[in-house]
Amino acid sequence: AKAAGQNCYAYFTASLQETAQNRLQLANALRSAMELEQLHVVFQPIVRLSDGHLHKAEALLRWVHPVRGLVSPAEFIPLAEEIGLISDMGNWVFEEAMRKVSQWMPLHHGQLQISVNMSPLQFHSGRDTASVWLDYLHRLDLSGSNVIIEITEGLLLHADPTISIQLLGFRDMGIQVAIDDFGTGYSSLAYLQKFDIDYLKIDQAFVRALDTDSGNQALVEAIVVMAHKLGLKVIAEGVETAAQRDFLRNIGCDYAQGYLFAKPLQPDDFEAMLRGKADS
Ligand code: C2E
Ligand code: CA
Ligand code: CA
Ligand code: CA
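Cut-offs used in this document
Residues numbered from 1 in each chain as written. Chains lettered and ligands numbered in written order. Predicted model: local features only at pLDDT ≥ 70, side-chain atom pairs only at ≥ 80, totals over all residues. Heavy atoms only, no water. Donors = N, O, S within 2.8 Å, 3.2 Å for Na, K, Ca; no water. Helix = DSSP H or I, 4+ residues; strand = E, 2+ residues; numbered from the N terminus. Pairing = 2+ DSSP bridges. Right-handed = clockwise from strand over helix to strand, strands pointing away. Near = heavy atom within 4 Å. Polar contact = N/O pair within 3.5 Å; in protein donor to acceptor, adjacent residues only side chain to side chain. Areas by Shrake-Rupley, 256 points an atom, 1.4 Å probe, with all protein chains shown as cover. Nonpolar A, V, L, I, M, F, W, Y, C, P; charged D, E, K, R; others polar.

An unreviewed UniProt entry lists the protein under the name Cyclic di-GMP phosphodiesterase Gmr, with Ferriphaselus amnicola as the source organism.

In structure tokens form, the structure reads like this:
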């Protein structure tokens, strides 16, 4: 038994070392990914459920590694946070997305709203991100009304005054705020009153369970009712079936995002979709 234990130990050590080495390599590659133009932004449409109208999209980051191919953001975002790259990367996503929005201006007449994901670390970077972003928007002839920031519940949990101040800074420039992955994090809802929030994004786990679980249907409906009473709009994530869409529309959910409508699209494909809407 002892020998087996030792083998086990040796095995785990080897694989741990391998993992650590892998991560180190990946971290180094990620550091140069921006310069080497391996990062790009894709756009996933968000539609209004009442009429199917498209006027929002979530910007999602993609990394095409020369050897490994497409690396999932679920893997490289935490790495970027760990090695201190996330603020630069987040600013880059914002700027890249806004450059596209300004190019598409004739197609949406300033109406297009782009939702960008913000890591909690971007609020702890000590930088005044809101004013940097505002300058950038002005240079492109855009405004804060073109932007939504997506944050997670954890950021608001401790009622940190520096977070409130920064959120106010964004709101002062007309940027709206969405709570991403709503329902997966914390049970406290008090923060919804304490902070000015515009949207709840219902996590896709709840949307997926709509087909099978009536308890879950009641939960999603209750979230929509509560959100509306508090003056928030609701975006359902990960909508894949017509049945999910119909249920969500019937309970008054405002917006939806998911493969049923479109996958995250390359800028050219998103532009084609905008053109289609504009022409019809
Ligand atoms: P998220 O913010 O919850 O983004 C939604 C994820 O769900 C995206 O995965 C999207 O491609 C996927 N999705 C959309 N519709 C469907 C659907 O109908 N079915 C299924 N199964 N999935 C759907 P993605 O692009 O792989 O991103 C994963 C996560 O990585 C994001 O989750 C977000 O937390 C993070 N992320 C992506 N881009 C950025 C970024 O620019 N900055 C930061 N900080 N995080 C990002
Ligand atoms: Ca998101
Ligand atoms: Ca989400
Ligand atoms: Ca998520």
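J.: What is the right way to look at the coordination of the calcium ion (ligand 2) in this model?
T.: Octahedral six-donor coordination of a metal ideally yields angles of 90 or 180 degrees, compared with 109.5 degrees for tetrahedral four-donor coordination. Of the protein atoms, only Glu-58 (OE), Asn-117 (OD1), Glu-150 (OE) and Asp-180 (OD) coordinate the calcium ion (ligand 2), at distances of 2.1 to 2.3 Å. Sequence spacing of the donors to the calcium ion (ligand 2): E-x58-N-x32-E-x29-D. In this structure, the calcium ion (ligand 2) is positioned 3.9 Å from the calcium ion (ligand 3), and both are ligated by Asp-180. Of this pair, Glu-58 sits in strand E2 (residues 54-65) while Asn-117 is found in strand E4 (residues 113-117), placing the two residues 59 residues apart along the sequence.

J.: What is the right way to read the pairing of strand E8 (residues 233-236) from this model?
T.: Regular strands place their side chains on alternate faces of the sheet. Of the strand pairs in this sheet, strand E7 (residues 199-202) and E8 are connected by 4 bridges, and their pairing is parallel. Bridge pairing in E8 places Leu-200 opposite Val-234. Viewed along the sheet, the connection from E8 through helix H10 (residues 242-250) into strand E9 (residues 255-256) turns out right-handed.

J.: How do you make sense of the coordination of the calcium ion (ligand 4) when you look at a structure like this?
T.: Of the protein atoms, only Asp-181 (OD) and Asp-181 (OD) coordinate the calcium ion (ligand 4), at distances of 2.9 to 3.0 Å. The metal-metal distance between the calcium ion (ligand 4) and the calcium ion (ligand 2) is 6.0 Å. Position of Asp-181 among the secondary structure elements: in strand E6 (residues 176-182).

J.: Help me out: how do you make sense of the site of ligand 1 in this one?
T.: Within the structure, ligand 1 sits among 20 residues, and Gln-44, Arg-62, Asp-180, Glu-240 and Tyr-259 are positioned closest to it. Between an oxygen atom of ligand 1 and a side-chain N or O atom of Glu-58, the distance comes to 3.2 Å. At 3.1 Å from a nitrogen atom of ligand 1 is found a main-chain nitrogen or oxygen belonging to Leu-61. In isolation ligand 1 has 810 Å² of accessible area, and contact with the protein removes 81% of it. No other element matches E2, which puts 4 residues into the shell around ligand 1. Its residues assigned to classes, the shell around ligand 1 shows 8 nonpolar, 6 polar and 6 charged.

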